[in-house]
Amino acid sequence: MKKTSTRLADGRELLYYDLSDDAVRDARDERPLPPVRTASEIRRDDLLGESVIVASHRQDRTYHPPTDACPLCPSRGGRRTEIPADDYDVVVFENRFPSLTGDAGRCEVVCFTSDHDASFADLTEEQAGLVLHALTDRTAELAHLPGVEQVFCFENRGQEIGVTLGHPHGQIYAYPFVTPRTERMLRMTAEHTARTGGGNLFDDVLAEERADGRRVVLAGEHWTAFVPYAARWPYEVHLYPNRRVPDLLALDDAARTEFPQLYLELLRRFDRIFDEPGCGTEGARGGGKDNAGESPTPYISGWHQAPLSAENRGDFALHLELFTIRRTYGKLKFLAGSESGMNVFINDVPPETAAQRLREVASE
């Protein structure tokens, strides 16, 4: 693998991650771009003790451009994009419309492939492994930026989620604070350790799920994917390394090798559970769009990593959380009064049923 760093015309950093060690990345960004001007602000909600990001400049970000105007495709045929090269494996660059800027953090875009019509599930294991390598490398680099407290790598997929660019890509947020969800997990972990006389909450949850088995979707030598006992979303899967580590950097070679196998299979199952109407509760087996034109399953996938300065950082377990807002064919799970107003989720699909369905749509 090879990493090449360069700069875009407005000074933003761009990095190529290539499978081939002899890849040459000398194409220059010749666009007449004005300097990036942002207005990001972090405000504190005193009632909840949580941070809110205000970023008014994002109102002007690119919104559902046609395929031939996609800014994440390679620069070809005289058309210049965010990626100066005419092809690439994986690219990471500073977001032109970041939610976090300067002392308030950093936001990056991760392009998984140059193929506009592909998705993460279409990648080969080698390509998926390269994405994991890029995310690990960026986690290491961003962790050293002044003021950064937590690095969050994630993918939003589908217009139903709110994606404004159809090209397969993810994002990385380097927060200057610990996110509320992580703070709560750390607090619950500390309480569990005190209550059990030294037990680790993440280890115990994983052990219980593996022993029970009803909600386990995939089990490898180094990873386990399961639907949580108290899943909030109709189809929600957590993917844990079997050996607890705090972040992507701490994964060993064996876990890195096995990860693409399980994760790609998991994503492909997500695409199959809603294939066709009228075939069981959620659909029939098979991939791609069904005859009625149901779009690929929208989802959010995110890596939860330990905060950089947490006292009990070593007690936190790196894991990936994947969920879809679709609850059945043609129907979405909306966050209405109870969920949005009081943060009390109501799940329409029993976790055991969701896990069974995800096991049924396994690859042939």
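Cut-off values and rules
Residues numbered from 1 in each chain as written. Predicted model: local features only at pLDDT ≥ 70, side-chain atom pairs only at ≥ 80, totals over all residues. Heavy atoms only, no water. Helix = DSSP H or I, 4+ residues; strand = E, 2+ residues; numbered from the N terminus. Rg over C-alpha atoms; globule rule 2.2 N^0.38 Å. Buried < 20%, exposed > 50% of the residue type's maximum accessible area, 1.4 Å probe, protein only. Contact = heavy atoms within 4.5 Å. Pairing = 2+ DSSP bridges. Axes fitted to C-alpha atoms, helices over the stretch in contact; angles between N-to-C directions. Salt bridge = Lys/Arg side-chain N within 4 Å of Asp/Glu carboxyl O. Left-handed = near helix turned anticlockwise from the far one by under 90°. Nonpolar A, V, L, I, M, F, W, Y, C, P; charged D, E, K, R; others polar. Polar contact = N/O pair within 3.5 Å; in protein donor to acceptor, adjacent residues only side chain to side chain. 1 Å grid on protein atoms, 1.4 Å probe; cavity = no way out; pocket = protein on both sides within 12 Å on 5 of 7 lines; lining within 4 Å. Points joined across faces, edges and corners; volume = space filled by probe spheres on them.

### As for the overall build of the chain
Within the chain, the regular secondary structure consists of six helices and 15 strands. Scaling as 2.2 N^0.38, a compact globule of 364 residues should have a C-alpha radius of gyration of about 21 Å, and the chain matches this with 21 Å. Principal axes of the C-alpha set define a box for the chain whose edges measure 60 × 50 × 45 Å. Of all 364 residues assigned to the chain, the portion counted as buried reaches 51%. Contacts spanning at least 24 positions in sequence make up 62% of the contacts within the chain whose residues lie at least 6 apart.

### Considerations on the sheet that holds strand β9 (residues 216-219)
Spatially, eleven strands are ordered β1-β2-β5-β6-β8-β7-β12-β13-β11-β10-β9 in an open sheet, and the strand pairing comes out antiparallel. Each edge of the open sheet is held by one strand with a lone partner, namely β1 (2-7) and β9. Going from strand to strand, the sheet's axes swing by 20° on average, the running direction of each strand aside. Two strands pair when backbone bridges link them, and strand β2 (residues 13-18) and strand β5 (residues 90-94) are joined in this way by four bridges, in the antiparallel orientation. Of the residues in β5, the one forming a bridge with Tyr17 is Val90.

### Quick word on the pairing of strand β11 (residues 235-241)
Within β11, seven of the seven residues are buried, which leaves it mostly tucked inside the rest of the structure. The alternating pattern of β11 places Tyr235, Val237, Leu239 and Pro241 and Glu236, His238 and Tyr240 on opposite faces, both of which are buried. Sheet topology places strand β10 (residues 223-226) next to β11; four bridges connect them, and they run antiparallel. If you follow Thr224 over to β11, its bridge partner there is Tyr240. As paired strands, β11 and strand β13 (residues 319-324) are joined by five bridges and run antiparallel to one another. Across the sheet, the residue bridging to Glu236 is Phe323, located in β13.

### Quick look at the pattern of salt bridges
Scanning the entire structure with this criterion turns up 27 salt bridges. Put simply, Asp212 and Arg214 hold a salt bridge, and the shortest N to O gap is 2.9 Å. Here Asp212 falls in the partly exposed class, since its relative accessible area comes to 33%. With a relative accessible area of 46%, Arg214 lands in the partly exposed category. In this structure, Asp252 and Arg243 form a salt bridge, with 3.7 Å as the shortest nitrogen-oxygen distance. Arg243 sits in the partly exposed class, given a relative accessible area of 46%.

### Remarks on the packing of helix α1 (residues 125-142) against helix α4 (residues 253-272)
Where α1 contacts α4, the two axes come as close as 9 Å, and the packing angle between them is 115°. By crossing handedness, the relation of α1 to α4 is classed as right-handed. Taking contact as the criterion, the partners of Glu125, Ala128, Gly129, Leu132 and Thr136 in α1 are, on α4, Arg256, Phe259, Pro260, Gln261 and Leu264. Its residues assigned to classes, the contact of α1 with α4 shows five nonpolar, three polar and two charged.

### Description of the side chain of Asp10
Within the secondary structure, Asp10 sits in the loop between β1 and β2. Residue classification places Asp10 among the buried residues on the basis of a relative accessible area of 16%. A polar side-chain atom of Asp10 sits 2.9 Å from a polar atom in the side chain of Arg12. Apart from residues no more than four positions distant in its own chain, Asp10 is found in contact with Leu33, Pro34, Pro35 and Val36.

### Some points on empty space enclosed by the protein
In total, this model carries three cavities of 30 Å³ or more according to the counting rule given. Its boundaries defined by the atoms lining it, the largest cavity holds a volume of some 160 Å³. Considering the residues around the largest cavity, the lining is formed by 19 residues, among which Phe112, Phe120, Val131, Leu135 and Trp303 are closest to the centre. Every element with two or more residues in the lining of the largest cavity is listed here: α1, β7 (150-157), β8 (169-175), α4 and β12 (299-304). If one sorts the elements of the lining of the largest cavity by residue count, α1 sits on top with four residues.

The quantities given are spatial measurements derived from coordinates; they are silent on function.
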